[in-house]
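An overview of the molecular structure
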Amino acid sequence: MLTIHSPNDIGMPGLIRSIYDAALDASRWQEFLVRFAAEFSSQTTMIFGQDFSDGSVEVTGGSTSLAAHHGVDEASMASFAAHYCRTNVWTADERLHHEGCIVNGSKFYPDEHLPRTEWHCDWLRPLDLFYTLAAVVEKRTHRSFNVTAVRSKRSGPYTAEEEQRLQLLVPHLQTAFALHRRLHKAEALAHASVAVLESLPMGVVLLGEAGCLLHANARAHSLAQSSGLVSISDSDGLRAKNAADNQRLQGAMRAVVSNPASAPMHAGTGMRLRGMTGNELHVVVTPLPHWSEPFGAHACGAVFISDPATPLQSLEGVLRSLYGLTPAEARLAQALVNGLSLQDHAEQQSVSIHTVRSQFRTIANKVGVGRQTDLVRTVLTGPAMLRRASAPQAMS
């Protein structure tokens, strides 16, 4: 049942308002159809997709679908989709359906001939329907999306004045359809991005423009709990337990989100957190330039958390393939991602620091970065981590 809050909710103003409400909330297309039926004295209203290439229709969908109907039972809609859509004489000629146009069924097919059609005898007549008026809101190649009203014979044909009023709704419907699709595409990308975050082997914390916590994946929460070195909560965000470490961490996070426009120029910060029992976490705080949105969220910064005791493996082969690194260069890049310094890696590999610095300069040139934190950010937010899962383990 609709609640009328003000005079603006009545008639065409209320109908237009309900169009934009539905664009922002897919569940409210049903409310629009109820208003649409009342405004155009129709028993049945629907939004459906028509594929002229094979005659099929889209009449139902999930929360992101535009398809909806009012005033007709589910069994009848199912039979329409399964068979009777192909007997619909009003959509028989695709050439008469153009984006933005109004379709008056009485002009498309003679009313006196309609009772002799299967479309009328088997689908319209049992529902006490006869006349139709529709707006072709979208038309791409052979597929259209329509907003349609249908009413009984005793209600009389749709008038020229009703056609004009429906034409006034078309630009609003086109805008709303486009907005609906954009919002749900963004929502789908966001869900997919969260799935990517959850698949990554290190902790990831996304930071908003004010340094607020947007999302922390399960690995971040796990490392926080097992190490006792950091805490993650909606109220306090990400914090280090040690006061000095926390001061550095908060300062680093403020720095990367303070001016998103300059984020590409910010080198980021890497730090090692150590506990009294010798446990450690490696933390990299890095900007995420707003224009790149690597995780589909409006994040300005990210914190990558890893446990040096369980370094990431199987990156070498991917890094060699993506960036053309030599085996030695790939080992160094993987070591840096795992939180080691150039000196640490030099000691592990029993080579001079000068050799390692030379290798890093070559890596930086191949990857297109300038500093170690830039390299870590590029690897952790780029395709290397997404390809890592499918990389041959023998190359790790």
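Analysis parameters
Residues numbered from 1 in each chain as written. Predicted model: local features only at pLDDT ≥ 70, side-chain atom pairs only at ≥ 80, totals over all residues. Heavy atoms only, no water. Buried < 20%, exposed > 50% of the residue type's maximum accessible area, 1.4 Å probe, protein only. Helix = DSSP H or I, 4+ residues; strand = E, 2+ residues; numbered from the N terminus. Axes fitted to C-alpha atoms, helices over the stretch in contact; angles between N-to-C directions. Left-handed = near helix turned anticlockwise from the far one by under 90°. Contact = heavy atoms within 4.5 Å. Nonpolar A, V, L, I, M, F, W, Y, C, P; charged D, E, K, R; others polar. Arc of directions from axis to C-beta. Pairing = 2+ DSSP bridges. Phe/Tyr/Trp six-rings, centres within 6.5 Å; stacked < 30°, edge-to-face > 60°. Lys NZ or Arg CZ within 6 Å of the ring centre and 35° of its normal.

1. Section: helix 10 (residues 327-337)
Counted residue by residue, helix 10 has eight buried out of 11 residues, so it is predominantly covered. When we look at burial in helix 10, the residues that qualify are Glu329, Ala330, Leu332, Ala333, Gln334, Ala335, Leu336 and Val337. Directly beyond the C-terminal end of helix 10, a positive phi value near 95° is found at glycine 339.

2. Re the packing of helix 9 (residues 316-323) against helix 10
Between helix 9 and helix 10, whose axes approach to 9 Å, the crossing angle comes to 115°. Judged by the twist between their axes, the crossing of helix 9 over helix 10 is right-handed. Here Glu316, Leu319 and Arg320 of helix 9 lie close against helix 10, whose contacting residues are Pro327, Ala330, Arg331, Ala333 and Gln334. Within the contact of helix 9 with helix 10, the residues separate by chemical class into four nonpolar, one polar and three charged.

3. Some remarks on helix 11 (residues 342-349)
Taken residue by residue, helix 11 has Leu342, His345 and Ala346 as its buried positions. In a view along the axis of helix 11, the buried residues occupy a sector of 105°, so they form one face of it. For helix 11, the exposed residues set more than 90 degrees away from the buried face come down to Glu347 and Gln348. Count one or two residues on from helix 11 and you reach serine 350, which has phi positive near 55°.

4. With respect to the pairing of strand 13 (residues 301-306)
Of all six residues in strand 13, six are buried; the element is thus mostly enclosed. Of the two faces of strand 13, the one carrying Gly301, Val303 and Ile305 and the one carrying Ala302, Phe304 and Ser306 are both buried. One ladder, built from six bridges, connects strand 12 (residues 280-287) with strand 13; its direction is antiparallel. What sits directly across from threonine 286, in strand 13, is alanine 302.

5. Digging into the side chain of arginine 165
You can see arginine 165 is positioned in helix 6 (residues 160-199). Sequence-distant contacts of arginine 165, defined by excluding residues within four places in its chain, comprise Met12, Glu39 and Phe40.

6. What about the packing of aromatic side chains?
Two measures describe an aromatic ring pair: the distance that separates the ring centres and the angle between the ring planes. This model, assessed by the stated rule, comprises 11 aromatic pairs. Here the aromatic rings of phenylalanine 32 and phenylalanine 36 are separated by 5.6 Å at their centres, their planes lie at 10°, and the arrangement is stacked. Of this pair, phenylalanine 32 and phenylalanine 36 both sit in helix 2 (residues 29-39), four residues apart, roughly one helical turn. Grouping residues by exposure puts phenylalanine 32 and phenylalanine 36 together as buried. A centroid spacing of 5.8 Å and a plane angle of 45° characterise the contact between phenylalanine 80 and tryptophan 119, whose relative ring orientation is tilted. Pair noted here: phenylalanine 80 is in helix 3 (residues 74-82) and tryptophan 119 is in helix 5 (residues 118-124), with a separation of 39 residues, a long-range link. By relative accessible area, phenylalanine 80 is classed as buried at 2%. Ring-pair connections join several aromatic residues into one group, and the members of that group are Trp29, Phe32, Phe36, Phe40, Phe145 and Phe177. One residue, lysine 153, lies across the ring of phenylalanine 130, its end atom 4.9 Å from the ring centre. A cation sits over an aromatic face here: arginine 165 above phenylalanine 40, 4.8 Å from the ring centre.

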